[in-house]
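Structural overview
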Amino acid sequence: MTKHILTTATGSPVADDDNSISVGERGPLTFDNHYTFEKLAHFNRERIPERVVHARGTGAYGKFTVTRSLSDYSIADFLQKEGEETPVFLRFSTVGGGQDSNDFARDPRGFSIKFYTREGNYDMVGNNTPVFFLRDAIKFPDFIHSQKKDPRSNLPNPAAMYEFWANHPQSLHQITILMSDRGIPASYRNMHGFSSHTFSFWNKEGERFWFKWHFKTNQGVKCLTNEQAAQASPFGAQQDLVDAIDRGEFPGWTAKVQIMTEAQAREYHINPFDLTKVWPHADFPLIEVGQLELNRNVENYFAETEQACFAPSNLVPGIGVSPDKMLQGRLLAYQDAHRYRVGANANQLPVNAARCPVHHYQRDGVMAGMCPAHGGSNNQGSGVNFYPNDQINSGAAAPEPSVEEPPMPVLENAWIRRHGIANDEDHYSQAGALFRLMDDEQKSQLVTTIAEGLVHASESARQRMLEQFSRADAAYAEGVRMAMERLASPA
Ligand code: HEM
């Protein structure tokens, strides 16, 4: 086997990696220890800011295989042919904890897929739940502050969590999912993934369809109770995924879509762009379209998983966004986070780089010139760096009008102003319907878990939460009230 000589970062051979240069055996170090300084200085810079949410995660590579062409709905190149395979990178995560926090928190799980298509990277940055706590991006920082650590104690604060929720009945549906027996997935392999948001497809006739992604686990849904989660190894979900892939037991998900036409969206009784609501399957059945498989672990966690940058704005021709107010906010938030967390040229890192040629007129910035796909690894060399230019016929990049998205319809007689929640105030029906689907054991688990947090909230927050539960179902409120009583005076 070839032996390698240890070198400095710039390739010079290193004579000794155990001892610094010092004045005598017991004396101080000297300035000619530039190799020791190189090591210490690089070490100081080993961390990048962790993600502000979803900091703890694990990633793997795999493939997406089309089983039903979507050409009737979308021109997206990777969705045209049955049997077509697209390489993917997927990152799972918890939301609230830091990078080394517990994998088994009662918390939504992130489910982010990067599809490396021939027409650029398409990212689906979803969760394991079909809805979310909020429906306007303006609320996101407040919400996350209330769920993460208390500014004084640096500890989780259930009183703050419920204070936020008491003021936001829109969260009730997602609270009911999170506090239910499905609130702690037993592993990343045993949970579904959802786009949650509504996105749009457009086809070659220029027709637009609204759609949602559903990725149903082929391993079956498995969850933990609070007691099981407390016993589980803190990094067990990461271990489970890495080990399964190493064993050759490749986890899979069946990809499905729900589709709504523009005409249906105009008439439907639920706002199709409200992220706190699902589209009932009876009205919008799931259409099976593909298989997702994970089959390769990362070689280097930091380079690949930690520096992975997923953005809902990474779209490809044939897939567009929707007027969902949360999604619109996310179109800004993620790329901004990447510029801060990883750098202006984050998309040149191998895990983020497109697997198709990239031609643009962006130049320079920290670490420019990393990626061969970006016009050569030399910051696009001497190529022209402005547009329009006179070199289009000799290889300079030019826009392609055929990929223009059809105009986005506004489904109402719209006025530009802040639209409050008054025009759609039913935060309760879907939460109540979900509660009534549960058996007695599931209901008991739900109300007990809620009560365990709610007892820490102020009297006023408790009353407002009970009012919300009762609007969903009287038995829901009664169950939580009795569970709180039991906690206050255990038998
Ligand atoms: C307006 C609301 C939201 C804002 C402002 C927001 C913001 C962010 C930010 C800044 C990050 C860190 C990105 C990074 O550093 O790479 C992040 C990560 C993430 N968010 Fe959101 N988020 C929002 C709502 C949502 C929703 C509704 C979902 C799911 C449906 C979601 C799923 C995720 C996932 C899965 C990640 C982790 C991505 C990864 O694996 O790297 N977020 N979010």
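**Looking at the pattern of salt bridges**
- By the definition in use, this model includes 21 salt bridges.
- Among the ionic pairs, Glu 46 bridges to Arg 47, the shortest N-O distance being 3.7 Å.
- Residues Glu 478 and Arg 481 are paired through a salt bridge, measuring 2.5 Å at the closest nitrogen-oxygen approach. Of this pair, Glu 478 and Arg 481 both sit in helix H13 (residues 474-488), separated by three residues, roughly a single helical turn.
- What you see here is one network of salt bridges that share partners, running through Asp 77, Lys 81, Glu 84 and Arg 118.

**Brief notes about helix H2 (residues 140-147)**
- Three or more residues of H2 are buried, namely Phe 143, Ile 144, Ser 146 and Gln 147. Along H2, the residues classed as buried sweep out an arc of 160 degrees about the axis, all on the same side.
- Tucked into the core, H2 has its buried residues touching helix H3 (158-166).

**Remarks on the pairing of strand E6 (residues 199-202)**
- Burial along E6 is two-sided: Phe 199 and Phe 201 facing one way and Ser 200 and Trp 202 facing the other are all buried.
- Direction of pairing for E6 relative to strand E7 (residues 208-217): antiparallel, over a ladder of four bridges. Counterpart to Ser 200 in the pairing with E7 is Trp 210.
- Between the antiparallel neighbours E6 and E7 lie five residues, among them Gly 206 with a positive phi of about 80 degrees.
- Where E6 lies against strand E10 (residues 319-320), two bridges are found, and the strand directions are antiparallel. Of the residues in E10, the one forming a bridge with Phe 201 is Ile 319.

**Some details on the coordination of the iron atom of the ligand**
- Among all protein atoms, only Tyr 334 (OH) binds the iron atom of the ligand, sitting 1.7 Å from it.
- For Tyr 334, the location among the structural elements is in helix H9 (residues 325-341).

**Quick notes on a nonpolar patch on the surface**
- There is a patch of nonpolar side chains on the surface, built from Val 366, Met 367 and Met 370 and spanning about 310 Å² of accessible area.
- Turning to its location among the elements, Val 366 is positioned in the loop between H9 and helix H10 (429-437).
- Look at Val 366 and you get exposed, because its relative accessible area is 61%.

**Describing the domain arrangement of the protein**
- Per the domain assignment, the segments making up the protein are domain 1 (20-49), domain 2 (57-133 + 168-348) and domain 3 (429-488).
- Summarising the inter-unit geometry, the C-alpha centres of domain 1 and domain 2 are found 44 Å apart.

**So, the site of the ligand**
- Not every one of the 26 residues close to the ligand is listed here, only the nearest: Arg 51, Arg 91, Arg 330, Tyr 334 and Arg 341.
- Between an oxygen atom of the ligand and a side-chain N or O atom of Arg 91, the distance comes to 2.7 Å.
- Within the contact set of the ligand, an oxygen atom lies 3.1 Å away from a side-chain nitrogen or oxygen of His 338.
- Elements that contribute at least two residues to the shell around the ligand include exactly strand E3 (109-117), strand E4 (120-127) and H9.
- Looking at the shell around the ligand, the element that brings in the most residues is H9, giving seven residues.
- A class-by-class count of the residues in the shell around the ligand yields 13 nonpolar, nine polar and four charged.

Scoring rules and cut-offs
- The residue count restarts for each chain, going from 1 along the sequence in the order it is written.
- With pLDDT at 70 or above as the cut-off, local features in this predicted model cover only qualifying residues; side-chain atom pairs require 80 or more to be listed or tallied, and sums for whole chains, interfaces and linings still use all residues.
- The side-chain figures draw on all heavy atoms in the structure; neither hydrogens nor water molecules are used.
- Any Lys or Arg side-chain nitrogen found within 4 Å of a carboxyl oxygen on Asp or Glu counts as a salt bridge.
- Counting from the N terminus, the helices are DSSP H or I runs at least four residues long and the strands are E runs at least two residues long.
- Only protein chains enter the calculation, and the probe is 1.4 Å; a residue is then buried if its accessible area is under 20% of its type maximum, exposed if over 50%, and partly exposed in between.
- Summarising the geometry, the arc corresponds to the directions from the helix axis toward the C-beta atoms.
- Only heavy atoms enter the contact rule, under which two residues are in contact if any of them lie within 4.5 Å.
- Here a strand pair is declared whenever DSSP counts at least two bridges between the two strands.
- Donor atoms (N, O, S) are those found within 2.8 Å of the metal centre, with the cutoff raised to 3.2 Å for Na, K and Ca; water is not part of the atom list, so apparent gaps in a site can occur.
- Every patch collects residues that have over 30% relative accessible area and no salt bridge, joining them within 9 Å if they carry like charges and within 5 Å if they are nonpolar side chains (Val, Leu, Ile, Met, Phe, Trp, Tyr).
- All accessible areas in this document rest on Shrake-Rupley with a 1.4 Å probe, and a residue is counted as covered only by the protein chains that are shown.
- Either an automatic procedure or a domain database provided the assignment from which the domain bounds are taken.
- Here a residue is near a molecule or strand as soon as one of its heavy atoms is found within 4 Å of it.
- By the criterion applied in these results, polar contacts are pairs of N or O atoms within 3.5 Å in which, for protein atoms, one can donate a hydrogen and the other can accept it, and in which residues neighboring in sequence qualify only through two side-chain atoms.
- Side-chain classes are defined by residue name, with Ala, Val, Leu, Ile, Met, Phe, Trp, Tyr, Cys and Pro counting as nonpolar, Asp, Glu, Lys and Arg as charged, and the others, Gly among them, as polar.

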